[in-house]
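# Understanding the architecture of this molecule
Spelled out from the first residue to the last, the chains are:
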Amino acid sequence: MEDANNRNFVLRPTPGQKFRPKAVTAMIQEVLGEKLGAMITYDENEADQASRDISASIREKLKGLQLPRYKYIVQTMIAEQCGNGATTAIQCVWDEDCDGFLSQRYVNGSIWCEVLVFAVFHY
């Protein structure tokens, strides 16, 4: 049995184990290109499944980074590109030194997709 006095509590990631949004931007663009490159016209049912697939693929790739103690939340929104603008807004309370956020957008002639990635360090 582990002695309670010998436990190590981790309050911050080491510099090499910190989530870096710029480092995963290309990875997310690659997933978006793979999943949405063949989607020529917007279809509600196809978009629903594609958004689930994109989120799952990105989550798996983020886990592959093997950053200990990080939990990932991936939200994918796909909509029809009709010439209208769209704005998204988020609000979070977190530790600026440890947690991270990334927003990535993909647009082609008929669809737009926005992916939000939250990396939360679990104390």
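Throughout, a residue's number is its position along its own chain's written sequence, starting from 1. The model is predicted, so local features are restricted to residues of pLDDT at least 70 and side-chain atom pairs to those at 80 or more, both for listing and for counting; the totals for chains, interfaces and linings are taken over all residues. Values shown for side chains rest on all heavy atoms present in the structure; no hydrogens or waters enter the calculation.

- The name an unreviewed UniProt entry gives the protein chain is Dynein light chain, with Caenorhabditis latens as the organism.
- UniProt positions are given in the numbering used here, feature names are shortened, and annotations may be inferred rather than shown by experiment. Looking at the Sequence similarities (unreviewed entry) heading of the UniProt record, one finds this comment for the protein chain: "Belongs to the dynein light chain Tctex-type family."

## Quick word on the packing of aromatic side chains
- Any pair of Phe, Tyr and Trp rings, taking the six-membered ring for Trp, is counted once the centres come within 6.5 Å. Such a pair is stacked with planes under 30 degrees apart, edge-to-face with planes over 60 apart, and tilted for the rest. Here the structure, examined in full by the defined rule, presents 7 aromatic pairs.
- Geometrically, the ring pair formed by Trp94 and Phe118 is edge-to-face, given 6.2 Å between the ring centres and 65 degrees between the ring planes. Pair noted here: Trp94 is in the loop between β1 (70-80) and β2 (100-107) and Phe118 is in strand β3 (residues 111-121), with a separation of 24 residues, a long-range link.
- Only protein chains enter the area calculation, which uses a 1.4 Å probe; residues under 20% of their type maximum are buried, those over 50% are exposed, and those in between are partly exposed. We classify Phe118 as buried; its relative accessible area is 10%.
- Each member of the aromatic cluster is reached from another via a ring pair, and the members are Phe19, Tyr70, Tyr72, Phe121 and Tyr123. By definition, any uninterrupted DSSP run of H or I lasting at least four residues is a helix, any uninterrupted run of E lasting at least two residues is a strand, and each is numbered from the N terminus.

## With respect to the pairing of β3
- Of all 11 residues that make up β3, 10 are buried, and the element is covered over most of its length.
- Each pair of strands is called paired provided DSSP finds at least two bridges between the two strands. Judged from the 11 bridges that link them, β1 and β3 form a sheet pairing that is antiparallel. Looking across to β3, one finds that Glu80 is bridged to Ile111.
- Strand direction decides the pairing type here: β2 and β3, joined by 8 bridges, are antiparallel. What sits directly across from Gly100, in β3, is Ala119.
- A loop of 3 residues connects β2 with β3, the two strands running antiparallel in sequence.

## What about the packing of helix α1 (residues 21-36) against helix α2 (residues 44-63)?
- Every angle, taken between N-to-C directions, lies between 0 and 180 degrees, and every axis is a line fitted to C-alpha atoms, over only the stretch in contact when it is a helix. Direction vectors running N to C along α1 and α2 enclose 145 degrees, while the axes themselves pass 10 Å from each other. Considering only the axes of α1 and α2, their crossing is right-handed. Between α1 and α2, the contacting residues are Val24, Met27, Ile28, Glu30, Val31, Leu32, Lys35 and Leu36 on the first element and Ala50, Asp53, Ile54, Ser57, Ile58, Lys61 and Leu62 on the second.
- Class assignment for the residues of the contact of α1 with α2 results in 10 nonpolar, 1 polar and 4 charged. By definition, any crossing whose near helix is turned counterclockwise from its far helix by less than a right angle is left-handed, and any crossing with a clockwise turn is right-handed. Residue contacts follow a heavy-atom distance rule, with two residues in contact if any of their heavy atoms lie within 4.5 Å. Charged residues are taken to be Asp, Glu, Lys and Arg, nonpolar residues to be Ala, Val, Leu, Ile, Met, Phe, Trp, Tyr, Cys and Pro, and polar residues to be all remaining types, Gly included.

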